[in-house]
Amino acid sequence: FNEFLLLAFADTRQLQLLHFWLFLGIYLAALLGNGLIITAVACDHRLHTPMYFFLLNLSLLDLGTISTTVPKSMANSLSNTRAISYWECAAQVFHFYFLISTEYSVLTVMAYDRYVAICKPLHYGTIMGSRACVKMAAAAWSSGFLYGLLHTANTFSLPPCQGNVVQQFFCEIPQILKLSCSDAYLREVGLIVISIFLLFCCFVFIVLTYVQIFTVVLRIPSEQGRHKAFSMCLPHLAVVSLFTSTGFFAYLKPPSLSSPALDLVMAVLYSVVPPTVNPLIYSMRNKELKDALK
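Rules of the game
- Residues numbered from 1 in each chain as written.
- Predicted model: local features only at pLDDT ≥ 70, side-chain atom pairs only at ≥ 80, totals over all residues.
- Heavy atoms only, no water.
- Disulfide = S-S within 2.5 Å.
- Buried < 20%, exposed > 50% of the residue type's maximum accessible area, 1.4 Å probe, protein only.
- Salt bridge = Lys/Arg side-chain N within 4 Å of Asp/Glu carboxyl O.
- Helix = DSSP H or I, 4+ residues; strand = E, 2+ residues; numbered from the N terminus.
- Axes fitted to C-alpha atoms, helices over the stretch in contact; angles between N-to-C directions.
- Parallel < 35°, antiparallel > 145°, perpendicular 65-115°, else oblique.
- Left-handed = near helix turned anticlockwise from the far one by under 90°.
- Contact = heavy atoms within 4.5 Å.
- Nonpolar A, V, L, I, M, F, W, Y, C, P; charged D, E, K, R; others polar.
- Phe/Tyr/Trp six-rings, centres within 6.5 Å; stacked < 30°, edge-to-face > 60°.
- Patch = residues over 30% accessible without salt bridge, like charges linked within 9 Å, V, L, I, M, F, W, Y side chains within 5 Å.
- Areas by Shrake-Rupley, 256 points an atom, 1.4 Å probe, with all protein chains shown as cover.
- Polar contact = N/O pair within 3.5 Å; in protein donor to acceptor, adjacent residues only side chain to side chain.
- UniProt positions renumbered as here; feature names shortened; annotations may be inferred.
- Expected span 1.5 Å × (residues − 1).
- Bend = angle between axes of the 7 residues up to and from the residue.

**Regarding the state of the cysteines**
Item 1. Applying the stated criterion across every chain, the model contains one disulfide.
Item 2. Cysteine Cys119 is unpaired, with the sulfur of Cys233 as its nearest cysteine sulfur at 8.5 Å.
Item 3. We note that Cys133 lacks a disulfide partner, and the nearest cysteine sulfur, in Cys233, lies 16 Å from it.
Item 4. Relative accessible area serves as the criterion here: at 4%, Cys133 is assigned to the buried category.

**Here we look at the pattern of salt bridges**
Item 1. One pass over the full model with this rule turns up four salt bridges.
Item 2. The salt bridge involving Asp291 is made with Lys287; its shortest N-O contact spans 3.2 Å. Here Asp291 pairs with Lys287, and both are found in helix H11 (residues 287–293), just four residues apart, close to one helical turn.
Item 3. With a relative accessible area of 31%, Asp291 lands in the partly exposed category.

**Notes on the packing of helix H3 (residues 86–119) against helix H8 (residues 223–252)**
Geometrically, a packed helix pair is captured by the angle between its two axes and the distance between the axes.
Item 1. One can describe the packing of H3 onto H8 by two numbers: an axis separation of 11 Å at closest approach and a directional angle of 150°. By the angle between their axes, H3 is roughly antiparallel relative to H8. Once H3 is placed against H8, the crossing between them reads as left-handed. Where H3 approaches H8, its residues Tyr97, Ile100, Glu103, Tyr104, Leu107, Met110, Ala111, Arg114 and Ile118 are matched on the opposing element by Ala229, Met232, Cys233, His236, Val239, Val240, Phe243, Thr244 and Tyr251.
Item 2. A breakdown of the residues in the contact of H3 with H8 according to their chemical character gives 14 nonpolar, two polar and two charged.

**Topic: the packing of aromatic side chains**
Describing an aromatic ring pair means giving the distance of the ring centres and the angle of the ring planes.
Item 1. This model, assessed by the stated rule, comprises 19 aromatic pairs.
Item 2. An aromatic cluster is present here, built from Phe23, Phe96, Tyr97, Phe169, Phe170 and Tyr270 joined pairwise through their rings.

**So, a nonpolar patch on the surface**
Item 1. Together, Leu17, Trp21 and Leu78 make up a nonpolar patch on the protein surface, roughly 310 Å² of accessible area in all.
Item 2. Residue placement: Leu78 occurs in helix H2 (residues 50–78).
Item 3. A relative accessible area of 42% means that Leu78 is categorised as partly exposed.

**Thoughts on the environment of Ser256**
Item 1. Along the chain, Ser256 turns up in the loop between H8 and helix H9 (260–271).
Item 2. Residue classification places Ser256 among the exposed residues on the basis of a relative accessible area of 71%.
Item 3. In sequence terms Ser256 and Ser283 are 27 residues apart; their C-alpha atoms lie 39 Å from each other.

**Brief notes about the environment of Ser142**
Item 1. For Ser142, the location among the structural elements is in helix H5 (residues 130–155).
Item 2. Look at Ser142 and you get partly exposed, because its relative accessible area is 38%.
Item 3. Residues Ser142 and Ile196, spaced 54 residues apart in sequence, show a C-alpha to C-alpha distance of 18 Å.
Item 4. A polar contact of 3.3 Å, which involves the side chain of Ser142, links it to the backbone oxygen of Ala139.

**Let's talk about the UniProt feature "transmembrane region" (unreviewed entry) in the protein chain**
Item 1. The positions that UniProt labels "transmembrane region" (unreviewed entry) are, in the present scheme, residues 20–43, 50–70, 90–112, 132–150, 189–217, 229–252 and 264–284.
Item 2. Along residues 132–150 the backbone is 100% helical and 0% strand, and the end-to-end C-alpha distance reaches 27 Å.

**A short note on H9**
Item 1. Between its terminal C-alpha atoms H9 stretches 16 Å, which fits the 16 Å expected from twelve residues at 1.5 Å a residue.
Item 2. Residues Asp263, Leu264, Met266, Ala267, Val268, Tyr270 and Ser271 constitute the buried set of H9.
Item 3. Next to the buried residues of H9 lie helix H1 (13–43), H2, H3, helix H6 (173–177), H8 and helix H10 (273–284).

**As for H2**
Item 1. Between its first and last C-alpha atoms H2 spans 42 Å; for 29 residues at 1.5 Å apiece the expected length is 42 Å, and the two agree.
Item 2. Within H2, the axis deviates most sharply at Ser67, by approximately 35°, and proline Pro71 lies no more than four positions further along.
Item 3. Looking one or two residues beyond H2, the residue adopting positive phi is Asn80, at roughly 55°.

**Topic: unusual backbone geometry**
Item 1. Of note, Asn80 is a non-glycine position whose phi angle comes to about 55°, a positive value.
Item 2. On the secondary structure map, Asn80 appears in the loop between H2 and strand E2 (83–85).

Right, dumping it as structure tokens:
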């Protein structure tokens, strides 16, 4: 066959249109929030620092992630269809996993940036120079590209033989693997296990980094200094927590908890909510960003 059928959010026309308008509102909010951050960082020379350079990368990735899944789902609801072509599905899988993995790498680099800024402030200029930042960003994007390519090639090399209904609102690897009855799917499962291990290593690195950061911050004598350090770190920590908790639960929850409705909710939580909420989290307590936006 040359197409897959995605999971519909609703059966009745009224609910389909409600889903369309709801997703349109979320999508426009994500476009506006991330677009404003990208514009502010690109146009305001005061924000040409490593922290905002990585924030710009994060906003680009958030825009890409939500644009990969939401518009197709909206278009299907509007035109009362569930179909997605085979190649569209493969492109969706590649872009989604490429962008999500790159985003996690960028969040890990951002934790390191916060660590150097707070724990080694005298060496910040040399360690986080512009060349070093570009290299870190390039490593994050290229590793994400390879990750997405590897998973997509592996997943779509397995012939689907259990129908073409994907139990999700976008093409997601675990749901596509369920359609395969080839033993070769174990190869992709192995890749997913390795990916989870690498993501867990990044998560441990971020946690250890923040343990050291907070140890130093709590020793700062002035209350103003502590407040500035916390306002620098807490938005990043909130974004990492949201991204990790929803993603880990979606992929590591026990099979007994799995149901189409819960899988759908979890997919929305880890693929739609973070890109929409991230700009709000970052700009809420950030005076420099607020000033630049004004």
